[in-house]
Amino acid sequence: MGLNILKKVPNVNFIGYRKVAFLISAALLVLGIGSLVVKGGPSYGIDFAGGINVQLKFQNEIELPDLRDALETIGHEGMTVQRFGMEGDNEYLMRLVQSDIETDVLRQEIDAVLAEAMAEAGHEIQRVEMVGPKVGADLRQKALEAMFYAVLLIAIYISGRFEQRWWAAGIMAASLSGAMYLLGLIGIDTGFLTIIALLVALGLCWRLKLNYALGAVVALVHDVFITVGIFSLLNKEFDLTIVAALLTIIGYSLNDTIIVFDRIRENLRNRISKDFGEVINRSINQTLSRTVLTSGTTLLVVASLFIFGGGVIHDFALALLIGIGVGTYSSIFVASPILLVFQPQEEEPNAPAPAEA
Amino acid sequence: MSGNLRLRIGITLFVTFIGLLYVLPSFTAVRDSSLGRFLPDAKVNLGLDLQGGMHLTLGVDIDKAIENNMSQAGRDLRDIARDEGVFILRPTVTQDNTLQFVLPKADARETLEKILAEDFEHFQVESRSTLDDGQIRYALSMTPAYKKYLADLTLDQAVKTIRNRIDQFGVAEPDIRKQREDYRIQVQLPGLAEQERAIEILGRTAHLEFKMVNEEADIEKARQGILPPGSELSTMLNRNPDGSYTETPIVLERDAVLTGEYITNASTSFDSYNQPYVMITFNSRGARLFERLTSEHVKERMAIVLDGKVYSAPVIQERISGGRASITGSFTMEEAHDLAIVLRAGALPAPVNILQERSVGPSLGQESIDQGINAALIGGVIVIIFMVVYYGFAGVVADTVLALNIFLVMAGLAGFGATLTLPGIAGIILTLGMAVDANVLIYERIREELRNGLTPRAAVDMGYSRATLTILDANVTTIIAAIILYQFGTGPIRGFAVTLTLGILASMFTAIFVSRIFFDLWVAKRPAKAGLSI
């Protein structure tokens, strides 16, 4: 026999904690969204905002103010210089807001200035990234579209798989795509469009009584917003790799939610209890050891990425750390209680049997 | 051993063998050995973030190409009409992309319209207005279909030219792709170290013109904007010994007497002062034109203009036959060489702008890969140890299939010729987490069934069948997210999506299919009452 974290199936009343959980979630959301509102939206990295990044590495220890002073003599407006990566790497990131500077000229300027002002530091330009404003806007739009379609497809899949209601899912997809298309014609900003679309999707889920989809989608929107909010609170920048991280979080959050939902469905079929809340509680408890183990091992791996993975991957790993943590929490405390709140009225355990295993 | 079990073992071995075929060529030692010839020509490419190099997004200025084409059409129309005895005035391309000109004699209208209909079928007459003095003003616009055709053609030509330039520049495995929908070109130059030069070479339009110098013009007046008709003010570059340039104003005839389209070859040479210069060779038509030109303009100065900048303006000493000319301009060796490259590869049909650039120095690439692999190893080892400690023998099984899983992901990446990037490594690490999840789901279920009093064999059966559906549901949703990522993502994000998808497919195969084999073998050999090490 191996080890057991939980000797027997625990019996925690998770559903009973739902009000506390809702308060915690609400507080995190308000804090995060509040920070976004105060700062006027997420602080976009150059992927989305456009601009130039230059990563510099020095052989010897240098002082940040010296570097800043030296680079300022080049005279580009809106320049920031910050430490990059770990302490002792001697790596710095120079960031320019404008992108209409020719990078080959910029390289020469930097080389000239640093060779003169900080000759003994031994600098090397490790990485140059330039994103023009047009490309930045395109990437931003594509990222939002990606998030939207991911959520939509997932909602359809869940409705189809869990409630055997592909037609309802189809109606939702068709009306949403139609609405997106019409609103797009008017020329609304993609950011607003996506938020509107998400709200409409949630509304449709509720209206069409696609409760599993509703629970899962609310949970993952919850996770994404909290991660984005915490990123904003920590003054971290948003770039393409963070979008990759967010989509991974969506995948992970769903993974977790579906495993609990699957158990709920199975227990409903086996009629382990008449009380829906009790069924949910039992299901969460039965899958709890798995949840703890999986989240634990995944978090271990991501943490090693965060600690040892190097500067380039640092923020990506941080987003995953936050997201997987929140995702695990939300599958227990957000997705399942929502199922209870929007409990199907007429639909009882003997509803159309889902596909047998 | 039952036949069914034997079949499953066979399938597993077969898949592993195929995986081996695709993984092996990624090791240089194997690829170069005699075994390498029998293996598929596949390997995992390293992304720019891992081996250094450059990624560029170039925007082709289609509007400029259309404008150029229109003004050329204007000149053609003037020439053709003149041959028919019709004179038109001031063909100009306006801001709103129409070609406007004035027909002074209204009675020539019929002839002109016939010419328009026959030779300029790609244009349509937007408006004709009769002016007070009886002249007719025409405004022509390009048909949308032709505009589209022209835009596509321009993109294709630009890609061809850029490919030529890169080939001559000498990059090992360049990847050049066109994005037809927004007229952009993606260029990947892995392992490239001379990034400044690459930008210089790729971005240059290389529109070469020969223009006569207007010696009579007054430079001072020209500076104030007073120019003789048909001439323009330009700047001539003179290179100083320290590498900087001095610009001097010069007045040129506006119309080029010859352009770079007739060039067949360009190379570098040294003159008697050991100064590098660029030698160009014209094709037969260009050679004839150049010969006639030089005979007509002896003792006059002819400016050599590249992308609007005058590089030199030598005096024509005598008629030059044989179709060879030289561009001198006090270049450095490197500049002369690069100029020869762009002239040989031809001019870009339209200017290109660098919309996006990502370049990584080779040292950072090595550092990143070391750190990435390091992090993956540390994370992986912790998980592997944990699984054995927590699940005993079942943990060993899980670790074995986990190793097979990663192996298959690598084989898949090689098979698709995918590019491994830093986010890709992150994808593999995440796959590890997900694969562990599949095993944990099954094992926890088996434990649960054992607690419920089932025999090991029944518990294993129940555990696998119950957990399979859950794993399927959970993984399908992740694959949906991965597909969307692939669809909308670019570069490294796509790499991540591919890795994630492969990882999930591999983890379903290994966790559900392969690990079951171990359990079936194990349970079959044990007495029914013995416990399971899980």
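As the structure is a computational prediction, the values presented were derived from the model and not from experiment. (Residues numbered from 1 in each chain as written. Chains lettered and ligands numbered in written order. Predicted model: local features only at pLDDT ≥ 70, side-chain atom pairs only at ≥ 80, totals over all residues. Heavy atoms only, no water.)

Caption draft 1: Examining the overall build of chain B more closely. Scanning chain B from terminus to terminus reveals 15 helices and 19 strands. Here the C-alpha atoms of chain B give a radius of gyration of 35 Å, more than 25% beyond the 24 Å that 2.2 N^0.38 yields for 534 residues. Once the C-alpha set of chain B is aligned to its principal axes, its extents read approximately 110 × 60 × 45 Å. The buried share of chain B, reckoned over its 534 residues, is 49%. In chain B, the share of contacts with a sequence separation of at least 24, taken over all contacts with a separation of at least 6, comes to 68%. In chain B, 51 side chains carry a positive charge and 61 a negative one; their mean positions are 8 Å apart. (Helix = DSSP H or I, 4+ residues; strand = E, 2+ residues; numbered from the N terminus. Rg over C-alpha atoms; globule rule 2.2 N^0.38 Å. Buried < 20%, exposed > 50% of the residue type's maximum accessible area, 1.4 Å probe, protein only. Contact = heavy atoms within 4.5 Å. Lys, Arg positive; Asp, Glu negative; His and termini not counted. Charge placed at Lys NZ, Arg CZ, Asp CG, Glu CD.)

Caption draft 2: Up close: the UniProt feature "transmembrane region" (unreviewed entry) in chain A. All names here are of chain A. In the numbering used here, UniProt assigns the feature "transmembrane region" (unreviewed entry) to residues 20–38, 143–160, 180–205, 212–234, 240–261, 292–313 and 319–342. The span residues 292–313 is 91% helix and 0% strand, and its two end C-alpha atoms sit 25 Å from each other. As annotated, residues 319–342 comprises 96% helix and 0% strand, and the C-alpha atoms at either end are separated by 31 Å. (UniProt positions renumbered as here; feature names shortened; annotations may be inferred.)

Caption draft 3: Inspection of the domain arrangement of chain B at higher detail. Here chain B is described as being made up of domain 1 (3–52 + 362–525), domain 2 (67–145) and domain 3 (204–359). Distance between the C-alpha centres of domain 1 of chain B and domain 3 of chain B: 60 Å. (Domains from an automatic or database assignment.)

Caption draft 4: Inspection of the UniProt feature "domain: SecDF P1 head subdomain" (unreviewed entry) in chain B at higher detail. Under the UniProt annotation, "domain: SecDF P1 head subdomain" (unreviewed entry) lies at residues 246–350 of chain B. Measuring from the first to the last C-alpha atom of residues 246–350 of chain B gives 27 Å, for a span that is 25% helix and 36% strand.

Caption draft 5: Quick peek at the domain arrangement of chain A. Residue and element names in this part refer to chain A. The domain boundaries assigned to chain A delineate domain 1 (14–43 + 135–341) and domain 2 (51–131). The straight-line distance from the C-alpha centre of domain 1 to that of domain 2 is 39 Å. Listed as interface residues are 8 residues of domain 1 and, on the opposing side, 5 residues of domain 2. Summed over the three residues of domain 1 that lose the most area to domain 2, namely Glu-237, Gly-311 and Val-312, the buried surface amounts to 58% of that side. Inspection of the domain 1/domain 2 interface yields 1 salt bridge. For Arg-95, the salt bridge is made with Glu-237, and the minimal N-O distance between the two is 2.4 Å. Counting across the interface, domain 1 meets domain 2 through 1 residue pair in polar contact (both at pLDDT 80 or more). Elements supplying a minimum of two residues to the side of domain 1 that touches domain 2: α5 (133–163), α11 (288–308) and α12 (311–341). The greatest single-element share of the side of domain 1 that touches domain 2, amounting to 3 residues, is contributed by α12. Its residues placed into classes, the side of domain 1 that touches domain 2 shows 4 nonpolar, 3 polar and 1 charged. (Buried area = accessible area lost by both parts, 1.4 Å probe. Salt bridge = Lys/Arg side-chain N within 4 Å of Asp/Glu carboxyl O. Polar contact = N/O pair within 3.5 Å; in protein donor to acceptor, adjacent residues only side chain to side chain. Nonpolar A, V, L, I, M, F, W, Y, C, P; charged D, E, K, R; others polar.)

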